[in-house]
Structures are given as C-alpha cells and as structure tokens.
Amino acid sequence: MIRICVSELRNVSKRRPEFCGIINRLQHSPARHLHQAPPTARPETSSAASLMDIGTRRIFTEDHDLFRQTARRFFQDEVVPYHRQWEKEGQVSREVWEKAGRQGLLGILIPEEHGGIGGDVLSAAIVWEEQMYSNCTGPGFGLHSDIIMPYISNYGSKEQIQRFIPDMTAGRCIGAIAMTEPGAGSDLQGVRTNAKRDGKDWILNGNKVFISNGWMADLVVVVAVTNSEAKSAAHGISLFLVEDGTKGFQKGRKLEKIGLKAQDTAELFFEDVRLPGDALLGEPNKGFYYLMKELPQERLEIACLALASSEFMFEETRRYVSERKAFGKTISGLQTIQHKMAELKTEICVGRAFVDNCLQLHSEKRLDAATASMAKFWASDLQNKVATQCLQLHGGWGYMWEYPIARAFVDSRVQAIYGGTNEIMKELIARAIFSQKG
C-alpha cells in the first residue's frame, strides 16, 4: 500500500490554479520557506513503508507532495486504464497530451514568461517518477517537456518561443528531437543529415531513425551538418525546427519494438526540405555545443526513470511473493527469497541516495556531465538487474504479458542504450578522470 503523509491532498487534481500556485512557490521561494518538515520527519526510502510512499525523501517538501499526488492521480485515472489499448496501437492518444497540459504536467521547467509552468527540477522529476510508478511508458511527456522544450526556450528566438512554447505546454504541439541516424547513434559527430544555404533559406536532406514521439510529433528539432568543411564535425552542426506537414518531410513507419510498445517511435525522412531562415534554432554551427549543454539533464532524467522503475518493480515483486504459495507457504517465507529481496532493496536505496543527490546538484546548477553520465549508466544497469531478478522471482508468471513485471522487464532494456549507450557513459567518465590534474 502507498501511504500519503500529507492530509490536504484530496481532489487536488481538480484544482489546477492551486497546484500551479504550488509550482510557483517551488520555483521562487527558498526551500526553508516551503513548510519543509525537519529532516527527521521525512523518512528516506530505506525506512519508509513503501519505496513509492508520498511524504518521503529530504529533497522534497510538502508542496512537492501535493504536486506528486496530482501527478499520481493523473496517471492512474488518465493513463493506466487506456495503456493496454495504446500498446496495441503503437501510440497514445492526443487527448491524453492535452489533458496533461490542462493539469500543468508539461513544460514544468520552462519559465512562465516563455509560456511554461515555471517550476523547479524536483517538480519535473516527480512527473518522471510517477509515470514509472504507473508502469506506463507510452506518453513521451518527459522527452517533450524536459529535453526538447529547453532547446527552444534556451536557444530559440523570441518569435520561436512565442510560436511554439505555449502550445507545447498545453499539449497541443508534440515535440521530438531527431539526432540518431542509421549510421550515427551515440556518435553525434557521425551525423550525415545536412542543410545547405539557398539564399535566405536552408535545404535539408537526410534521414533519422529511432525517433521517440516521431510519429505524433508536430515539431521536430533536427540535428544537421551545416559546415562540412569545419575543422571537426562538432564545429559544423546546427539545429533546425521542422514542422509536420512541411513539404519534403515524411514520417516512415512506426517501428515495432520489443518494449515501450505504446510509445510511438518512427523513422523520419527529409528530401529537399526548404526551410526559411528563421527555422534555424540558435546560431549556425553551434548545434553540437547546444547538445552537449543539454545532454546532462537528459541523462539525469533517464537515471530518475530507472530508479523509479526499480522501485516499482521491487514493490510489485514484494506484493507477489507475499501472496504466492509454494511448498505449503507463501514464498516470502523462504530464506532465498528474503535474502534476494534484501539485496535488491539495499541496492535500490543506495541508487536512490545517489540520484537524489544528482537532482539536488542539478537544482543548484552544479551537476556536471561526468556525474550525470555516472547516474545514467549506473541507474539503468541497476534497473535491468532489478528487472531480471524480479521477473525470476515471479517464475513462469513473470513471463506472461498480463503481469506488470513482464512489461517493466522489456521496457527496461532500452534505458542502457538511448541517451548515449552505457559504454559511451563510461568513456565520458573515464575522460573526466584522466583529464583531471593533481
């Protein structure tokens, strides 16, 4: 059972103005003014009744708890009942995007003056976590809000911000980012999609693959080479905003994946796409710098998703082994089961402490790229370990699609691949280790 440690949480999901006010306070007020309980009054996950309890973890406040309750109810009411159908269709509904917008769950980190919610990093993390606690990976809200929208908010012109951000916050305009190509995954410097000047316009050619939100996207941030003569590929990459329906821009098939079945993932094709000069995002040939600047937040998000998924799988498995009978008693009474669950909880709680520290660092703008890479690779490796071992504890039933652990198992696998493979994460960490002096 998930326990709620704040008494005023009932029906908050129906009062968007109030919880937008909560977000406002979280953005603009020091933590000590947010009714924050003394550290001893907020248990960490290791001592909480459930790893998914509301009212735990010292990095959060009671205002965060209120917002978490809103997010939790949204996923339980508006996502869980429809997710199996979305898995069959290979995409979620547009309606759920607009509902998320009305609930204030999109564009949380984007400043109010740009058309966003103006919340803090911890509030964004709450949405990431609550989606994993619902075990519904279909809606690409985090990608849209906390990976794609910041590119526009941070590097876009006033006109681009005014044109796209309000509709993206409302869920009326769905965003995607097109980096990966058939021959360029983790190696962004291997990009072949290119854009060439033609008067004041740009002509875009190339193709992209494995693009999340790609099928439903109304707006795509496209990574393209704009200076093939640059001293390195990193100095010749730019970003472009390409709208659905632009002549020459075609979406390929929805890709059939082993997991994330309700999340639309597509191939994108660009053939002589003529883009006006104002489709360029930021400055020409600065795209690689922008990508490197934003990737730590993407990797932190993946780490947060991984830890929350691990917590969900642990609690789902605890419930199962407490009910499943074998050898005349529930299997939770077997020492081998008890020891395995003890190991899993310990590892998850160790991971939670590190990832929460990364969230705190990021909220203070002190999270560096190497630490974000550590969080991403370690948490996603842990997620896959937890998925494997929790499925094993379910026995044959864990291999049945009707059981939540089966879906969590297949959804976990890609976490170690996207956002930069975990092998690349280790390269980045090692580079930081050996570039340090002293």
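Residues numbered from 1 in each chain as written. Predicted model: local features only at pLDDT ≥ 70, side-chain atom pairs only at ≥ 80, totals over all residues. Heavy atoms only, no water.

Visitor: Is there a simple way to think about the overall build of the protein chain in this case?
Guide: Looking only at helices and strands, one finds twelve helices and ten strands in the protein chain. Over its C-alpha trace the protein chain gives a radius of gyration of 22 Å, about what one expects of a compact globule, namely 22 Å for 438 residues. With respect to the three principal axes, the spread of C-alpha positions in the protein chain is 75 × 55 × 45 Å. Residue burial in the protein chain is summarised as follows: out of 438 residues, 56% are buried. Of all intrachain contacts in the protein chain linking residues separated by at least 6 positions in sequence, the fraction that spans at least 24 positions is 74%. Surface exposure of the protein chain reaches about 19800 Å², of which carbon and sulfur atoms provide 51%. (Helix = DSSP H or I, 4+ residues; strand = E, 2+ residues; numbered from the N terminus. Rg over C-alpha atoms; globule rule 2.2 N^0.38 Å. Buried < 20%, exposed > 50% of the residue type's maximum accessible area, 1.4 Å probe, protein only. Contact = heavy atoms within 4.5 Å. Areas by Shrake-Rupley, 256 points an atom, 1.4 Å probe, with all protein chains shown as cover.)

Visitor: How should I be thinking about empty space enclosed by the protein in this particular structure?
Guide: The gaps of empty space that remain are located by a probe, the size of a water molecule, rolled over the atoms. Applying the stated rule across the entire model yields one cavity of 30 Å³ or more. Of the voids in this model, the largest cavity is the one considered here, and its volume is about 70 Å³. Along the wall of the largest cavity there are 14 residues; nearest its centre are D53, I54, T56, R57 and R68. Here the element with the most residues in the lining of the largest cavity is helix α2 (residues 62-79); it accounts for three residues. The residue inventory of the lining of the largest cavity, partitioned by class, reads five nonpolar, three polar and six charged. (1 Å grid on protein atoms, 1.4 Å probe; cavity = no way out; pocket = protein on both sides within 12 Å on 5 of 7 lines; lining within 4 Å. Points joined across faces, edges and corners; volume = space filled by probe spheres on them. Nonpolar A, V, L, I, M, F, W, Y, C, P; charged D, E, K, R; others polar.)

Visitor: I keep staring at the packing of helix α5 (residues 121-133) against helix α9 (residues 335-363) and nothing clicks. Help me out?
Guide: Two measures define how a pair of helices packs: the angle their axes make with one another and the distance between the axes. Here α5 crosses α9 at 145°, and the two axes come no closer than 9 Å. When α5 is examined against α9, the residues V121, L122, A125, W128, E129 and Y133 are found in contact with a partner set consisting of R352, L359, H362 and S363. Residues belonging to the contact of α5 with α9 are distributed by class as follows: six nonpolar, two polar and two charged. (Axes fitted to C-alpha atoms, helices over the stretch in contact; angles between N-to-C directions.)

Visitor: When you look at the packing of aromatic side chains in this model, what are you seeing that I'm missing?
Guide: Given two aromatic rings, their pairing is described by the distance between the two centres and the angle made by the two planes. Taken as a whole, this structure holds twelve aromatic pairs when the rule is applied. Between F74 and F141 the ring centres are 6.3 Å apart and the planes differ by 50°, which places this aromatic pair in the tilted class. Of this pair, F74 sits in helix α2 while F141 is found in helix α6 (residues 141-155), placing the two residues 67 residues apart along the sequence. For the pair shown, F74 and F141 are each scored as buried. (Phe/Tyr/Trp six-rings, centres within 6.5 Å; stacked < 30°, edge-to-face > 60°.)

Visitor: Sorry, what's going on with helix α12 (residues 422-435) here?
Guide: Count 3.6 residues to each turn of an α-helix, and residues three or four apart come out pointing the same way. In this model, α12 (14 residues) spans 20 Å end to end at C-alpha, consistent with the 20 Å of a helix rising 1.5 Å per residue. Turning to α12, its buried residues number three or more, namely N422, M425 and I429. The buried residues of α12 occupy an angular sector of 50° when projected down its axis, which confines them to one face. Facing away from the buried side of α12 by more than 90 degrees, the exposed set consists of E423, E427, R431, F434 and S435. For α12, the elements touching its buried residues are α8 (287-323) and α10 (369-394). (Expected span 1.5 Å × (residues − 1). Arc of directions from axis to C-beta.)

Visitor: When you look at unusual backbone geometry in this model, what are you seeing that I'm missing?
Guide: Backbone phi values are negative for most residues with the exception of glycine, while trans is the configuration of most peptide bonds. One non-glycine residue with positive phi stands out, namely N135, at about 60°. With respect to the helices and strands, the residue N135 is situated in the loop between α5 and α6. On the basis of relative accessibility, which here comes to 8%, the residue N135 falls in the buried class. Unlike most non-glycine residues, N213 shows phi in positive territory, near 65°. With respect to the helices and strands, the residue N213 is situated in the loop between β3 (201-212) and β4 (219-225). Using a relative accessible area of 0% as the deciding quantity, one classes N213 as buried.

Visitor: Please explain the state of the cysteines as it appears in this structure.
Guide: By definition, a disulfide links two cysteine residues through a covalent bond between their sulfur atoms. Inspection of the entire model under this criterion finds zero disulfides. Free of any disulfide, C304 has its nearest neighbouring cysteine sulfur in C358, separated by 8.2 Å. The thiol of C390 is unpaired, and the distance to the nearest cysteine sulfur, on C349, comes to 13 Å. (Disulfide = S-S within 2.5 Å.)

Visitor: How should I be thinking about the pattern of salt bridges in this particular structure?
Guide: It is possible for side chains bearing opposite charge to pair when their charged atoms get close. Applying the stated criterion across every chain, the model contains 28 salt bridges. Put simply, E87 and R407 hold a salt bridge, and the shortest N to O gap is 3.6 Å. Here R407 lies in helix α11 (residues 404-412) and E87 lies in helix α3 (residues 83-89), a separation of 320 residues in the sequence. Take E87 and R407: they sit in the same class, and that class is buried. (Salt bridge = Lys/Arg side-chain N within 4 Å of Asp/Glu carboxyl O.)

Visitor: Can you help me understand a nonpolar patch on the surface in this one?
Guide: Judged by side-chain polarity, W397, Y399 and M400 come together as a nonpolar surface patch covering roughly 360 Å² of accessible area. Within the secondary structure, Y399 sits in the loop between α10 and α11. (Patch = residues over 30% accessible without salt bridge, like charges linked within 9 Å, V, L, I, M, F, W, Y side chains within 5 Å.)

Visitor: Sorry if this is basic, but what is going on with the side chain of R72 here?
Guide: Position of R72 among the secondary structure elements: in helix α2. R72 sits in the buried class, given a relative accessible area of 10%. At 2.9 Å, the side chain of R72 forms a polar contact with the backbone oxygen of M52. (Polar contact = N/O pair within 3.5 Å; in protein donor to acceptor, adjacent residues only side chain to side chain.)

Visitor: Just to check I follow, could you spell out the pairing of strand β7 (residues 265-275) for this structure?
Guide: As a general feature of sheets, a regular strand has side chains that alternate between the two faces. Strand direction decides the pairing type here: β3 and β7, joined by eight bridges, are antiparallel. From the neighbouring strand, I203 faces β7, where its bridge partner is R274. Across four bridges, the pairing between strand β6 (residues 249-254) and β7 is antiparallel. In the sheet register, K251 faces β7, and the bridge partner there is L268. (Pairing = 2+ DSSP bridges.)

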